[in-house]
Amino acid sequence: MTDKLNRFWPLIASAAFAVLLAANAAQSAATLKEARSVLPDNTPSAQQAFADAPDGVDPVVTGPVSAAFKQRQASANCDAAVWPNIPMVCYPD
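Residues numbered from 1 in each chain as written. Predicted model: local features only at pLDDT ≥ 70, side-chain atom pairs only at ≥ 80, totals over all residues. Heavy atoms only, no water.

**Q** Tell me about the overall build of the protein chain, and name the residues and values.
**A** Helix and strand counts for the protein chain come out as three helices and zero strands. Along its sequence from the N terminus, the protein chain presents helices and strands in the succession α-α-α. Residue pairs at least 24 apart in sequence account for 57% of intrachain contacts in the protein chain once pairs closer than 6 positions are excluded. Accessible surface, the protein chain as shown: approximately 7,800 Å² in total, 62% of it carbon and sulfur. (Helix = DSSP H or I, 4+ residues; strand = E, 2+ residues; numbered from the N terminus. Contact = heavy atoms within 4.5 Å. Areas by Shrake-Rupley, 256 points an atom, 1.4 Å probe, with all protein chains shown as cover.)

Pasting the structure below:
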């Protein structure tokens, strides 16, 4: 009888380790998600920043800009943004 049990101990130990690992990963993911939602968003919206323009402000820049700024605009999907839901990263500093 003990020979049969000794054969399954590595399997039981591996399953228990996998359960603990999964529980730890779930807890870490929940903690990260909580931490992000608690942080305040201090950046003003485009509507707040340009309150004197009721019809909106076009984020298209007509002057020369850096490649980093163009990349920031592309990653924020500024071409498809519609007033007043335009991220502030679409506007130059």
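**Q** With reference to specific residues and values, describe the confidence of the model for the protein chain.
**A** Put simply, the protein chain has an average pLDDT of 74, and 75% of its residues get 70 or more. When pLDDT is averaged over each element of the protein chain, helix α3 (residues 67–75) comes out on top at 86 and helix α1 (residues 2–38) at the bottom at 71. The low-confidence segment residues 35–40 (pLDDT under 50) makes zero contacts with residues lying over four places distant or belonging to another chain. (pLDDT = per-residue confidence, 0-100.)

**Q** So what about the state of the cysteines? Which residues, and what values?
**A** If you walk through the whole model with that rule in mind, you get one disulfide. Linked covalently through their sulfurs, Cys 78 and Cys 90 form a disulfide whose S-S length is 1.9 Å. Sign of the S-S torsion, about -90° for the bond between Cys 78 and Cys 90, identifies this disulfide as left-handed. Of this pair, Cys 78 sits in the segment after α3 while Cys 90 sits in the segment after α3, and the two are 12 residues apart along the sequence. The buried category is assigned to Cys 78, whose relative accessible area is 8%. Using a relative accessible area of 0% as the deciding quantity, one classes Cys 90 as buried. (Disulfide = S-S within 2.5 Å. Buried < 20%, exposed > 50% of the residue type's maximum accessible area, 1.4 Å probe, protein only.)

**Q** Go over a nonpolar patch on the surface, please, and point to the residues and values.
**A** Side chains of Phe 8, Trp 9, Leu 11 and Ile 12 sit close together on the surface and give an oily, nonpolar patch of about 450 Å² of accessible area. As for its placement among the helices and strands, Phe 8 is situated in helix α1. On the accessibility criterion, Phe 8 (42% relative accessible area) is partly exposed. (Patch = residues over 30% accessible without salt bridge, like charges linked within 9 Å, V, L, I, M, F, W, Y side chains within 5 Å. Salt bridge = Lys/Arg side-chain N within 4 Å of Asp/Glu carboxyl O.)

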